[in-house]
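Residue-level structural notes
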Amino acid sequence: MAQQFTVKVPATSANIGPGFDVVGLSLSLHLTLTVTVPPASETQLPPIITYSGEGAYDVPLDAYKNLTTRVALYVLRCNGIRSFPSGLRIHAHNEIPFGRGLGSSGAAVVAGVLLGNELGQLELTAERLLDFALMVERHPDNVTAALIGGFVGSYLRELDEADTAAASVPLSEVLPEYPSDAGEDWGLNPPPPPSGIGHYVRFGWSEPIKAIAIIPRFELSTAKAREVLPQHYSRKDLVFNLQRLAVLTTALTQNPPDPDLIYEAMKDRIHQPYRKTLVNTWITGSHIIHHPCNSSWLLGICLSGAGPTILALATKNFEKIAEDARRIFKTRDIEVDWKLLTVAGGSEVKQS
Ligand SMILES: Nc1ncnc2c1ncn2[C@@H]1O[C@H](COP(=O)(O)OP(=O)(O)OP(=O)(O)O)[C@@H](O)[C@H]1O
Ligand SMILES: N[C@@H](CCO)C(=O)O
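What you see is a predicted model; the values in this text were computed from it and never measured.

**Digging into the overall build of the chain**
On a plain count of helices and strands, the chain comes out with twelve helices and eleven strands. Residues classed as buried in the chain amount to 53% of the 352 residues present. Taking contacts inside the chain between residues at least 6 apart in sequence as the whole, the part at least 24 apart equals 79%. Summed over its atoms, the accessible surface of the chain is roughly 15800 Å², and 53% of this surface lies on carbon and sulfur atoms. Separation between the mean location of the 30 positive side-chain charges and that of the 36 negative ones in the chain comes to 7 Å.

**Topic: the site of ligand 2**
Every residue near ligand 2 is listed here: Ala14, Asn15, Phe20, Asp21, His139, Asp141, Asn142, Thr222, Arg226, Arg275, Gly305 and Ala306. Interatomic distance of 2.5 Å between a side-chain N/O atom of Asp21 and a nitrogen atom of ligand 2. Between ligand 2 and the protein, one listed contact pairs a nitrogen atom with a side-chain N or O atom of Asp141 at 2.6 Å. When the free accessible area of ligand 2 is taken as 260 Å², the share hidden by the protein chains comes to 96%. At the level of secondary structure, the elements contributing two or more residues to the shell around ligand 2 comprise β1 (3-15), β2 (19-37), α4 (140-148) and α7 (222-227).

**A short note on the UniProt feature "domain: GHMP kinase N-terminal" (unreviewed entry) in the chain**
In the numbering adopted here, UniProt assigns the feature "domain: GHMP kinase N-terminal" (unreviewed entry) to residues 66-150. Secondary structure content for residues 66-150 is 58% helix and 7% strand, and the end C-alpha separation is 27 Å.

**Some thoughts on the pattern of salt bridges**
It is possible for side chains of opposite charge to pair when their charged atoms get near one another. Using the criterion set out here, one finds twelve salt bridges in the structure. The residue Arg269 makes a salt bridge to Asp237 at a minimum N-O spacing of 3.5 Å. Of this pair, Arg269 sits in the loop between α9 (259-265) and α10 (272-275) while Asp237 sits in helix α8 (residues 235-251), and the two are 32 residues apart along the sequence. Look at Arg269 and you get partly exposed, because its relative accessible area is 30%.

**Re the domain arrangement of the chain**
Partitioning the chain into structural domains gives domain 1 (3-200 + 344-351) and domain 2 (205-341). The distance between the C-alpha centroids of domain 1 and domain 2 comes to 27 Å. With 24 residues of domain 1 at the contact, the number on the domain 2 side is 37 residues. Taken together, the two surfaces of domain 1 and domain 2 that pack against each other cover about 2200 Å², and 67% of this comes from carbon and sulfur. Linking domain 1 to domain 2 there are one salt bridge. Between Arg226 and Asp21 there is a salt bridge, with the nearest N and O atoms lying 2.8 Å from each other. At the boundary of domain 1 and domain 2, one finds twelve residue pairs in polar contact (both at pLDDT 80 or more). A per-element tally of the side of domain 1 that touches domain 2 places β2 first, with nine residues. In terms of residue class, the side of domain 1 that touches domain 2 is made up of 13 nonpolar, eight polar and three charged.

**Some remarks on the site of ligand 1**
Near ligand 1 you find 18 residues, and of these Gly99, Gly103, Ser104, Ser105 and Thr222 are the closest. Within the backbone of Gly103, one N or O atom sits 2.7 Å away from an oxygen atom of ligand 1. Ser104 has a polar side-chain atom sitting 2.7 Å from an oxygen atom of ligand 1. Burial of ligand 1 by the protein chains amounts to 83% of its free accessible area of 640 Å².

**Digging into the sheet that holds strand β9 (residues 310-314)**
The pairing of strands in a sheet comes from backbone hydrogen bonds and takes either a parallel or an antiparallel form. Strand order across the open sheet formed by four strands is β8-β9-β7-β10, with antiparallel pairing between neighbours. Of all strands in the sheet, those with a lone pairing partner are β8 (298-303) and β10 (336-341), marking the two edges. Recorded for the sheet is a direction-independent mean angle of 20° between the axes of neighbouring strands. Relative to β9, β8 runs antiparallel, the two sharing five bridges. Paired with Leu303 across the bridge in β9 is Ile310. On the sheet, helix α12 (residues 318-331) packs against β7 (210-216), β8, β9 and β10 and is oriented at approximately 160° with respect to β10.

**Points about the packing of aromatic side chains**
To describe a pair of aromatic rings, one takes the distance between the centres and the angle between the planes. Overall, the coordinates contain five aromatic pairs when judged by the stated rule. Between Phe151 and Phe203 the ring centres are 5.0 Å apart and the planes differ by 55°, which places this aromatic pair in the tilted class. Highlighted residues: Phe151 in strand β5 (residues 151-156) and Phe203 in strand β6 (residues 198-203), separated in sequence by 52 residues. Positioned over the ring face of Phe240 is Arg244, at 3.6 Å from the centre of the ring. One Lys or Arg, Arg269, reaches over the ring of Phe240 and ends 3.8 Å from the middle of that ring.

**Brief notes about the packing of helix α2 (residues 104-119) against helix α3 (residues 126-137)**
Running from N to C, α2 and α3 point in directions that differ by 135°, and their axes come no closer than 9 Å. By the angle class used here, α2 and α3 are oblique. Regarding α2 and α3, the two cross each other, and that crossing is right-handed. Contact residues: Ser105, Gly106, Val109, Val110, Val113, Leu114 and Asn117 in α2; Leu129, Phe132, Ala133, Val136 and Glu137 in α3. A per-class count over the contact of α2 with α3 returns eight nonpolar, three polar and one charged.

Cut-offs applied
Residue positions are given per chain, counted from 1 along the sequence in the order it is written. Working convention: letters from A go to chains and numbers from 1 go to ligands, in the order in which they are written. Given that this is a predicted model, residues contribute local features only at a pLDDT of at least 70 and side-chain atom pairs are listed and counted only at 80 or more, while totals for whole chains, interfaces and linings are drawn from all residues. Only hydrogens and water are set aside when side-chain values are computed; all heavy atoms of the structure are taken into account. Helix and strand assignments come from DSSP, with helices taken as H or I runs of at least 4 residues and strands as E runs of at least 2, each series counted from the N terminus. Relative accessibility decides the category of a residue: with a 1.4 Å probe and only protein chains considered, values under 20% of the type maximum give buried, values over 50% give exposed, and everything between is partly exposed. Here, two residues are considered to be in contact whenever any of their heavy atoms come within 4.5 Å of each other. Accessible surface is estimated by sampling points in the Shrake-Rupley manner with a 1.4 Å probe; for residues, cover comes only from the protein chains shown. Only four residue types enter the charge count, namely Lys and Arg as positive and Asp and Glu as negative; His and the chain termini do not. For the purpose of locating charges, the reference atoms are NZ of Lys, CZ of Arg, CG of Asp and CD of Glu. Any residue with a non-hydrogen atom lying within 4 Å of a molecule or strand is treated as near it. Contacts described as polar in this section are N or O atom pairs within 3.5 Å, which, within protein, must combine one atom able to donate a hydrogen with one able to accept it, while residues neighboring in sequence count only if both atoms come from side chains. UniProt positions are given in the numbering used here, feature names are shortened, and annotations may be inferred rather than shown by experiment. Take a side-chain nitrogen of Lys or Arg and a carboxyl oxygen of Asp or Glu: if they are within 4 Å of each other, that pair is a salt bridge. Where each domain starts and ends comes from a domain assignment, either automatic or drawn from a database. Defined here as a combined quantity, buried area equals the accessible surface (1.4 Å probe) lost by two parts on assembly, summed across both. Residues are grouped as follows: nonpolar covers Ala, Val, Leu, Ile, Met, Phe, Trp, Tyr, Cys and Pro; charged covers Asp, Glu, Lys and Arg; every other residue, Gly included, is treated as polar. Any two strands with at least two DSSP-identified bridges between them are counted as paired. Axes, fitted as lines to C-alpha atoms, cover a helix only where it is in contact. Angles between the N-to-C directions of the axes lie from 0 to 180 degrees. Side-chain rings of Phe, Tyr and Trp, where Trp is taken by its six-membered ring, are said to pair if the distance between their centres is within 6.5 Å; with planes under 30 degrees apart they count as stacked, over 60 as edge-to-face, and otherwise as tilted. By definition, being over a ring means that NZ of Lys or CZ of Arg is both within 6 Å of the ring centre and within 35 degrees of the ring normal. Our angle categories are set so that under 35 degrees counts as roughly parallel, over 145 as roughly antiparallel, 65 to 115 as roughly perpendicular, and the remainder as oblique. If you view the pair so one helix is near and one far, a crossing is left-handed when the near helix is turned anticlockwise from the far one by less than a right angle, and right-handed when it is turned clockwise.

Structure follows, in structure tokens:
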């Protein structure tokens, strides 16, 4: 009998203003894999991937090139399993737009880790799953929120010398460039992650708060949006962010939420000001939302992840906010789509 299971991973919005590389929020758009493993056979048949939804025209369907399946193979090989099961079939349906700051790559990585764990029947703990995801994505905010779900804060443990070296191997060694006909015999064993890299806590979330994602119709790669950030910050700017983040993690749990407190607590001096040069959506976005004294349902706005999506948090009048935003963007020749999103649960694997 064939084995069938699904892997469902949510979108995430990282940073939420001041929490650069620290906080992430899982949102109600998903990447879902439907996986069929046929009964074992004598012949080794290659995996077949089909794909629908966001990115369907761009994503590689070769299992040795596709991000999700390469991550799954990484997990398998680190656990002594050289190849995918013969005749493996995966259908991916994706609702998360690529390169918009909604954690599409984090979701693809987490889906790959869960896929590898399930195919190899490895029964890895959540902590170990996170180690594997962090070896690929390297900053914890998106992958931790995608795996655990909710509004999540995380840090990376300070590693000793040996673990630092293990965690710093280039991504090209973790996910090597496989030839398209790669099979069981190809390549060396990849470097496994050190243990217990990421640590996290899930905060509460105030039930009436929803997120409006205002999504420009262009991509911005996270790598590019990180290149513009400085190596050093002033004490004043660091304290500015720390003060706001400390308040924000509790302010977003309170019901009713306090718009004045949240609006100010979502300000940032660590990444958004530098990304202005790349993302003129942020300049536009920061003019959309009036101060909450004028509109108590608008709580605050931020760049979602590395951008270009703008995330507005609000308790009502969602459509009005989004349509006002669309009109303002239009005057600057930026076409946007918008989605009203709720906070999602964490990743799920279900046998069918
Ligand atoms: N479902 C997927 N399958 C395969 N590859 C994917 C998938 N989703 C994303 N990717 C890869 O990740 C790239 C986007 O990653 P990137 O980190 O630049 O943006 P993002 O994750 O959408 O945004 P952010 O990290 O700011 O939230 C895509 O161009 C694609 O190469
Ligand atoms: N914290 C990361 C999130 C990107 O996914 C950044 O802002 O670069």
